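Survey of secondary and tertiary structure
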Amino acid sequence: MKYISTRGKIAPVGFKDAVMMGLATDGGLILPESIPQLDRGTLAAWSKLPYRELAFNVISLFATDIPAFDLKALIDRSYGSFEHEETTPLVQKDGVYILELFHGPTLAFKDVALQLLGNLFEYLLKERGEKMNILGATSGDTGSAAIAGVRGKENINIFILHPHLKTSPIQALQMTSVLDENVHNVAVEGTFDDCQNIVKALFNDLQFKKEYALGAVNSINWARVLAQVVYYFYAWGRLPEQKEVIFSVPTGNFGDIFAGYLAKRMGLPVEKLLLATNENNILARFVQTGDYSLGKVVQTVSPSMDIQLASNLERYLYYLWDENPEKVCSAFAELQSTGRIVFTKEQVLRVQAEFMSCTVDEQKTLDTIASFNRETGYLLDPHTAVGVRGALECAPGHPRVVCLATAHPAKFGDAVERAVGSPPPLPPALAALVGKETRCELMAPDREKIKAFVKAKA
Ligand SMILES: *Cc1c(COP(=O)(O)O)cnc(C)c1O
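The notes below deal with the structure included here. All values derive from a computational prediction rather than experimental measurement.

**Topic: the sheet that holds strand β6 (residues 156-163)**
Pairing is parallel in the open sheet, where 5 strands are placed in the order β8-β5-β6-β7-β15. Two strands bound the open sheet, and with one partner strand each, they are β8 (214-215) and β15 (441-443). Pairing of strand β7 (residues 183-188) with β15, which is carried by 3 bridges, proceeds in the parallel orientation. Looking across to β15, one finds that V188 is bridged to M443. Here helix α6 (residues 141-150) sits on the sheet and contacts β5 (132-137), β6 and β7; the angle it forms with β6, its principal contact strand, is near 165°. Across the face of the sheet, helix α20 (residues 447-457) comes into contact with β6, β7 and β15 while running at roughly 155° to β6.

Rendered as structure tokens:
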């Protein structure tokens, strides 16, 4: 299997090079040259496999340059860190199915991808005799999952900038209580945007980037998308009947739902993908009217979805524009200069043949947490609640709606408490963090000082 770029200006590369490249060197996103097709017989045969065996079957279609024995070991190690033996169990509550993706080390679905990516990086760096310094900014979830993915790994250092006192206390602890020597937390006296601007500036410093082999773990890495394809197949196999299904996906960067789109294109019987957003609803407008115009980010109770520019959408647009890289280049040039991309009626109809969308505001999100808890005794985190509300509004009574549960409710205890009146009980993994020793560097939002810090620790 070879990989290409949505912008069409790289020579095809293998899976291993695609993972190490992250963002394609022409500024585009990496995609497989062709999408493997699974027939009904194969789907049926795979539908009862344990998670890791299924993961091996799916991932080995794409990672054709990693020997089977090695790939199996990487997958076993990645999902051995999940505390649930099913990895991503499917539960039924009040007419909808909930796919629990939060049983990894940091209790958010990003672990599914970042546990695998961390192990892949370690494996590939060792093979190449190289080192990597991962640098990233986080408002909470991605940073802790990335740290959990690479802590203690050989030939990798990780530097994560977070805004001092602006993540939830639990999220900060999930990062700063990791004392492995290769983990470096920086609490920046500023906002998340300050953190992100510093990281961007350091990546744009090409001399520094090259000399220190800077790497990224953001959601544009192909391996992250690929890891997420697996649980769509898994969920379908766990349904009582293997028929057409709707997946409701709380969406920010379009990474998770794009994985569902790939599963559909591989042959999984998906009736629709339901794109659920909070007030940052640029993607819902895109699906409903073809209007893709950037607005200002507003803060909500589902902060991991407070995004305007959804970086993974480019992957989908590549297919919508009939795999034409010139069209991708011109449209993203248009987006840069005008802040929007315009779609034709015919294109909007094609989008709507595959996606539905729903915007769920803060009040509805909190109401949904409360009512769902009253009716089923089950606590939703605010991100998951956006998807569940979307499902109840857009596909009422449908017998097979699977809502992706992207975080454990205790990670967003404040919002849950606002909704139901008391904070969710802390699971053991979070309770154990309280009072733990921490290590973190408090720094001004000063690019040069932070660059010097990375140099000293790398
Ligand atoms: C990152 C995240 C999302 C959004 O996923 P995308 O792949 O960016 O669409 C939703 N919920 C939670 C809890 C997250 O951490």
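**Observations concerning the nonpolar core**
Counting 111 residues, the largest nonpolar core has F247 and Y316 as its most contacted members. Tallying contributions element by element places helix α10 (residues 222-238) first for this core, with 13 residues. Those residues in contact with F247 that sit more than four places away from it in its chain are Y232, A235, L268, V270, K272, L273, L274, V402 and L404. In this structure, I98, I246, M305 and C403 belong to the second largest nonpolar core, which totals 26 residues.

**Considering the environment of K48**
Inspection of the secondary structure assignment puts K48 in the loop between α2 (40-46) and α3 (51-62). For K48, a relative accessible area of 53% gives the class exposed. Residues K48 and G237 lie 189 residues apart in sequence; the distance between their C-alpha atoms is 5.9 Å. Setting aside residues up to four positions removed in sequence, K48 forms contacts with G237, R238, L239 and Q242. One polar contact links the side chain of K48 to the main-chain carbonyl oxygen of G237, over a distance of 2.6 Å.

Reading the values: rules and limits
Note on numbering: residues in each chain are counted from 1, in written sequence order. Given that the model is predicted, a residue must reach a pLDDT of at least 70 before its local features are reported, and side-chain atom pairs must reach 80 or more before they are shown or counted; all residues, however, enter totals for whole chains, interfaces and linings. Remark: hydrogens and water are excluded; side-chain values derive from all non-hydrogen atoms of the structure. Pairing between strands is defined by DSSP: at least two bridges between them are needed. Only runs of H or I of at least four residues qualify as helices and only runs of E of at least two qualify as strands under DSSP, and these elements are numbered from the N terminus. Contacts are assigned to residue pairs with any non-hydrogen atoms lying within 4.5 Å of each other. To obtain each axis, a line is fitted to C-alpha atoms, and for helices this fit is confined to the stretch in contact; angles are then taken between N-to-C directions over 0 to 180 degrees. We call a set of buried residues a nonpolar core when its members are Ala, Val, Leu, Ile, Met, Phe, Trp, Tyr or Cys and they connect through side-chain atoms within 4.5 Å of each other. Exposure classes here rest on a 1.4 Å probe applied to the protein chains alone. A residue is buried below 20% of its type maximum, exposed above 50%, and partly exposed in between. A 3.5 Å cut-off defines polar contacts: any pair of N or O atoms within that distance qualifies, except that in protein one atom must be a possible hydrogen donor and the other a possible acceptor, and neighbouring residues in sequence count only when both atoms are side-chain atoms.

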